[in-house]
Amino acid sequence: MSASDTITRLVRDIADFPEPGVLFKDITPLLADAAGFAEVVEALAEPYRGQVDVVLGIEARGFILAAPVALALGVGFVPVRKPGKLPHETTEISYDLEYGSETLQLHTDAIGAGSRVLVVDDVLATGGTARAAVDLVERAGGTIAAVAVLMELSFLPGREVLGDVPLHVLHTF
Ligand code: AMP
């Protein structure tokens, strides 16, 4: 069984959540399955063994995946969070969503100059969130090894929004 098959089997579609017209990819059945969870964490981490200095997770579902990926790679974990959550000095970036905008913050001392960073999230959709995380890392002097996600929604422009950034996708819808 491949990680792609496991995602097909254990990620659940929820129609019209959190708003009408969105088909939400619910990863909670995958997280609840010990073998499936371990398989996708290993598949996210495996290409980057010895290649990265830190794994960055995007609030909130990104945290659940990025922390075990960091442990699997033997490197540290760094959170990117919504405004007002990180207690120390932060740098921030705002980006447009379909309706309205979003802001993400990173601790200014979280990424060392020249650090090789793996960005982890659950879903790549429009790409705005991953792009914002990449820009925060680069602004902090880090180098992006890749953006790694469980799922890419290929009918949305996430891949184009990331441009030259290497992308590691376990399953494409
Ligand atoms: P994006 O549009 O790529 O910026 O995605 C925004 C955030 O929402 C990402 O962190 C994704 O994890 C999440 N997301 C976007 N679309 C979906 C979806 N259809 N199902 C579950 N999560 C989603």
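See above for the structure.
Residues numbered from 1 in each chain as written. Predicted model: local features only at pLDDT ≥ 70, side-chain atom pairs only at ≥ 80, totals over all residues. Heavy atoms only, no water.

A. How the structure looks around the pattern of salt bridges. Considering all chains together, one arrives at eight salt bridges under this definition. A salt bridge links arginine 12 to aspartate 26, with the shortest nitrogen-to-oxygen separation between them at 2.8 Å. Of this pair, arginine 12 sits in strand E1 (residues 12–15) while aspartate 26 is found in strand E2 (residues 23–26), placing the two residues 14 residues apart along the sequence. Since its relative accessible area comes to 42%, arginine 12 is described here as partly exposed. Aspartate 26 gets classed as buried once you look at its relative accessible area, which sits at 10%. Close ionic contact of arginine 61 with aspartate 122 constitutes a salt bridge, the shortest N to O distance being 2.4 Å. (Salt bridge = Lys/Arg side-chain N within 4 Å of Asp/Glu carboxyl O. Helix = DSSP H or I, 4+ residues; strand = E, 2+ residues; numbered from the N terminus. Buried < 20%, exposed > 50% of the residue type's maximum accessible area, 1.4 Å probe, protein only.)

B. Inspection of helix H4 (residues 61–73) at higher detail. Look at H4: 19 Å from first C-alpha to last across 13 residues, which is about the 18 Å you get at 1.5 Å a residue. All of the buried residues in H4 are Gly62, Leu65, Ala66, Val69, Ala70 and Leu73. Down the axis of H4, the buried side of the element spans an arc of 135 degrees, and every buried residue falls inside it. Tucked into the core, H4 has its buried residues touching helix H2 (28–31), helix H3 (34–45), strand E3 (54–58), strand E4 (76–80), strand E7 (116–124) and strand E8 (143–152). (Expected span 1.5 Å × (residues − 1). Arc of directions from axis to C-beta. Contact = heavy atoms within 4.5 Å.)

C. Highlighting the site of the ligand. Of all residues adjacent to the ligand, which total 13 residues, the nearest are Asp121, Asp122, Thr126, Gly127 and Thr129. In this structure, a nitrogen atom belonging to the ligand sits 3.0 Å away from a main-chain N or O atom of leucine 23. Contacts to the ligand include alanine 125, whose backbone N or O atom sits 2.9 Å from an oxygen atom. Burial of the ligand by the protein amounts to 83% of the accessible area it has alone, namely 480 Å². (Near = heavy atom within 4 Å. Polar contact = N/O pair within 3.5 Å; in protein donor to acceptor, adjacent residues only side chain to side chain. Areas by Shrake-Rupley, 256 points an atom, 1.4 Å probe, with all protein chains shown as cover.)

D. Layout of the environment of alanine 66. With respect to the helices, strands and loops of the structure, alanine 66 is situated in helix H4. By relative accessible area, alanine 66 is classed as buried at 0%. For the pair formed by alanine 66 and serine 115, sequence separation is 49 residues and the distance between their alpha carbons is 16 Å. For alanine 66, the residues in contact, after removing those within four places along its chain, are Val55, Leu56, Gly57, Phe77 and Val120.

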